[in-house]
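# Inside the fold
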Amino acid sequence: MALRLNIGTGVCVALLSTGFAVPAEAKILCNKGYQVVQGSMLATPYCQDQYVAQVANDYGFRASPDRVRNDPLFKQHLCRFIGQDIRIKESCDEVSPSVRGRF
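Please read all numbers here as calculations on a predicted model, not as lab measurements. (Residues numbered from 1 in each chain as written. Predicted model: local features only at pLDDT ≥ 70, side-chain atom pairs only at ≥ 80, totals over all residues. Heavy atoms only, no water.)

### Comments concerning the sheet that holds strand 2 (residues 34-37)
Spatially, 1-2-3 is the arrangement adopted by the 3 strands of the open sheet, whose pairing is antiparallel. Strand pairing shows two members of the sheet lacking a second neighbour, strand 1 (30-31) and strand 3 (40-43), which therefore form its edges. (Pairing = 2+ DSSP bridges. Helix = DSSP H or I, 4+ residues; strand = E, 2+ residues; numbered from the N terminus.)

### Quick look at the side chain of D85
Turning to its location among the elements, D85 is positioned in the loop between helix 4 (72-82) and helix 5 (89-93). In this structure the side chain of D85 is engaged in a polar contact, spanning 2.9 Å, whose partner is the side chain of R87. Those residues in contact with D85 that lie beyond four places of it in its chain are V55 and Y59. (Polar contact = N/O pair within 3.5 Å; in protein donor to acceptor, adjacent residues only side chain to side chain. Contact = heavy atoms within 4.5 Å.)

### Topic: the packing of aromatic side chains
Scanning all chains against the criterion turns up 1 aromatic pair. Centroid distance F61 to F81: 6.0 Å. Interplanar angle 35 degrees. Geometry classified as tilted. On the criterion of sequence distance, the pair formed by F61 in the loop between helix 2 (45-58) and helix 3 (65-70) and F81 in helix 4 is long-range, its members being 20 residues apart. Exposure remark for F61: the relative accessible area of 27% places this residue in the partly exposed category. In this structure, R67 is placed above the aromatic ring of F74, and the distance from its NZ or CZ to the ring centre is 3.9 Å. (Phe/Tyr/Trp six-rings, centres within 6.5 Å; stacked < 30°, edge-to-face > 60°. Buried < 20%, exposed > 50% of the residue type's maximum accessible area, 1.4 Å probe, protein only. Lys NZ or Arg CZ within 6 Å of the ring centre and 35° of its normal.)

### Section: the environment of R69
As for its position among the elements, R69 is in helix 3. Expressed as a C-alpha distance, the spacing of R69 and A53, which sit 16 residues apart in the sequence, is 9.1 Å. Contacts of R69, omitting those with residues within four sequence positions, involve Y46, D49 and Q50. A polar atom in the side chain of R69 sits 3.3 Å from the backbone oxygen of Y46. A polar atom in the side chain of R69 sits 2.9 Å from the side chain of D66.

### What to know about helix 2
Over its 14 residues, helix 2 runs 20 Å from end to end, which matches the ideal 20 Å to within 8%, given 1.5 Å per residue. Elements that come into contact with the buried residues of helix 2 comprise strand 1, strand 2, strand 3, helix 3, helix 4 and helix 5. At the C-terminal side of helix 2, G60 shows a positive phi close to 105 degrees. (Expected span 1.5 Å × (residues − 1).)

### Details of the pattern of salt bridges
Summed over all chains, the structure comprises 7 salt bridges. A salt bridge links R87 to D58; the shortest N-O distance between them is 3.6 Å. Residue R87 is found in the loop between helix 4 and helix 5, and its partner D58 is found in helix 2; the two are separated by 29 residues along the sequence. R87 gets classed as partly exposed once you look at its relative accessible area, which sits at 39%. The partner of R67 in a salt bridge is D71, and the shortest N-O contact between them spans 3.9 Å. Residue classification places D71 among the partly exposed positions, given a relative accessible area of 27%. Connected through shared salt-bridge partners, D49, K75 and E94 make up one network. (Salt bridge = Lys/Arg side-chain N within 4 Å of Asp/Glu carboxyl O.)

If you want it as structure tokens, here you go:
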């Protein structure tokens, strides 16, 4: 009985060390504002904020994805300058909607 427990414990330790266990911090995969979920692309606020930061950096702004995500005024400031870029227009419409319409 004790021998089985030790072998089972050894196998568990071996599997954990080779990476078969669930990682402590699951990595979210983003591609141009869309999250890759089971092979499909899904628009999520997390990935869209990351993409806003990426596009802002392309324009010369110093923007981190965490700051864009956690500071709505900073995101609004970025969108005021680069929000008409087609890549992030939809993400920026959330914080500063354009006043277009009939009236």
